[in-house]
Amino acid sequence: MIRIQNIYYMLAYAFSVLKEQGYSDCANEEFENTADLMCEILIKGISIQVKRGLHHEYINIQDSLLSPRGKINMTQSVKSQTMINHQLICDYDEYSTNSYMNQILKTTMLLLLKCDINSIRKKKLRQLLMYFANIDKLDYHRINWNLSYNRNNQSYHMLLNICYMIIKGLLQVDDKGHIRMQKFLDEQRMCRLYEKFLLEYYRQEFLDIKVNASQIKWQLDDDMSSMLPIMQSDIMLSSDDKILIIDAKYYQHVMQTQYNVQTIHSGNLYQIFTYVKNKEVELSHIPHVVSGMLLYAKTDETIYPNNTYHMSGNKISVQTLDLNLPFNQITQQLNAIVDEYLKS
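The rules behind the values
Residues numbered from 1 in each chain as written. Predicted model: local features only at pLDDT ≥ 70, side-chain atom pairs only at ≥ 80, totals over all residues. Heavy atoms only, no water. Buried < 20%, exposed > 50% of the residue type's maximum accessible area, 1.4 Å probe, protein only. Helix = DSSP H or I, 4+ residues; strand = E, 2+ residues; numbered from the N terminus. Arc of directions from axis to C-beta. Contact = heavy atoms within 4.5 Å. Polar contact = N/O pair within 3.5 Å; in protein donor to acceptor, adjacent residues only side chain to side chain. Pairing = 2+ DSSP bridges. Axes fitted to C-alpha atoms, helices over the stretch in contact; angles between N-to-C directions.

1. Here's the deal with helix α5 (residues 119-129)
Inspection of α5 places R121, K122, L125, L128 and L129 among the buried residues, and these make up the whole buried set. Each buried residue of α5 sits inside an arc of 120° when the element is viewed along its axis, so together they form one side. Residues S119, I120 and K123 are exposed on α5 and point more than 90 degrees away from its buried face. Contacts from the buried residues of α5 go to α2 (34-52) and α4 (100-113). Here α5 starts with a cap whose side-chain oxygen sits 2.7 Å from the backbone nitrogen of I120, and that cap is N118.

See below:
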C-alpha cells in the first residue's frame, strides 16, 4: 500500500508547481483514496487558472455569413447554395477559449461528475464548469495526449497530466457503460509517476550531483548496431568518478515465483547488469566506479529483496522503497542511497 499523502508528495516533485501556496492544503488534508486527491488537485489548479484567465488561441472557423469575414470559400458557398440567402461561406480565425487544452479540462470535469466522489467537490466542479460554457466537450476515448507546451500555456502542463492520470489510470467503464472511479492508479500510471518522482527528487534535493535519465551507448566491437534496443536509464546519478544507475520498478509482485522458489525478476537483473557493464566499458579510459540498482516500490508481500551483489567487478543492488512510511522516512531512504554510493 501507499499512503495517499505520499502520492501528493510524489506528484509535487514530479510537478513542482504543486509546491506553490495554492496547493498547500493538499499536503495536510487527509484523502480517502487517490481519486479524491486527484480531483482536489484538479479543482485547485483549474480555480487558479480561471483567476489567471483561461488560455486563448486562434481557432479556424467556417461559417455562412451575411457580411464576409476572413477568406471567402467560394467552392463551399456554391455547393451549399448559401448565396440564395445572400450569405457566403467564410473561413476565419477567432481568438477563443475553445482550445483543445480547455476541452480536455472540461471533459475531465464532466467525467468526474458522473463518478462517486465527494458531494462538496462535485459542487466545486459545477461552479468551475460555468467558466467553460462556450468550450466543447471531447470523446475521452479519442483524446490526443501528444500536446505541445510553450510560455503561454505552460501552466496547463500539470493540469493536463492530472487529467491524463484520471482518465487513463483511474477511470473504469463497465459492460453497461457506467463510469466509475478506481480508488488507486493502475500499475502502469503508478510506475511512470514513481520513476518521475525519483528522478525529480534527486534533481531538486542534490544540486551538487549530476542527475539525468540519459541513454547508455552499446559498446560494440564493430559498427553493427542495427536493431539493437535503446538502453534508456530511469535515473543516473554522477559525482566525480562515481556513477549509480537506478532502474525504478513498480510492480504488484516484486518477486517472481518458479517451483515455489521466489527470485528477483530475471529480466530486470539482466537489464541493469547490461547497463552497468556497457557504462563500465565506456568509461574504461578514465578513473571511475559504476554501480547499478534495481529500486522496487515495496508491496504487501512478505518477502522482498534487499541485497547487494558483486558482479564482475561492479556492485549491483536490489532494494525496496517503502512508500507507506511517513514521507520524511522515505526521503531518509533516498538520501542514504546517495551517501552510500556517491559520497562514501
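2. Let's talk about the sheet that holds strand β14 (residues 307-311)
With mixed pairing, the six strands of this open sheet are ordered in space as β6-β9-β10-β13-β15-β14. Here the strands that pair on one side only, and so sit at the sheet edges, are β6 (210-212) and β14. Taken over all neighbouring pairs, the strand axes of this sheet differ in orientation by 20° on average, direction set aside. Bridge analysis of β6 against strand β9 (residues 235-239) gives three bridges, and the strand direction is antiparallel. Counted as the bridge partner of K210 is S238 from β9. Helix-sheet contacts for helix α8 (residues 266-282) involve β9, β10 (242-249), β13 (289-297), β14 and β15 (314-321), and the interaxial angle to β13 is about 155°.

3. Observations concerning the sheet that holds strand β1 (residues 57-65)
In spatial order, the strands read β1-β3-β2; together these three strands make up an open sheet with antiparallel pairing. Here the strands that pair on one side only, and so sit at the sheet edges, are β1 and β2 (71-72). The sheet contact formed by β1 and strand β3 (residues 88-96) spans nine bridges and is antiparallel. Bridging across to β3, N60 finds its partner in D93.

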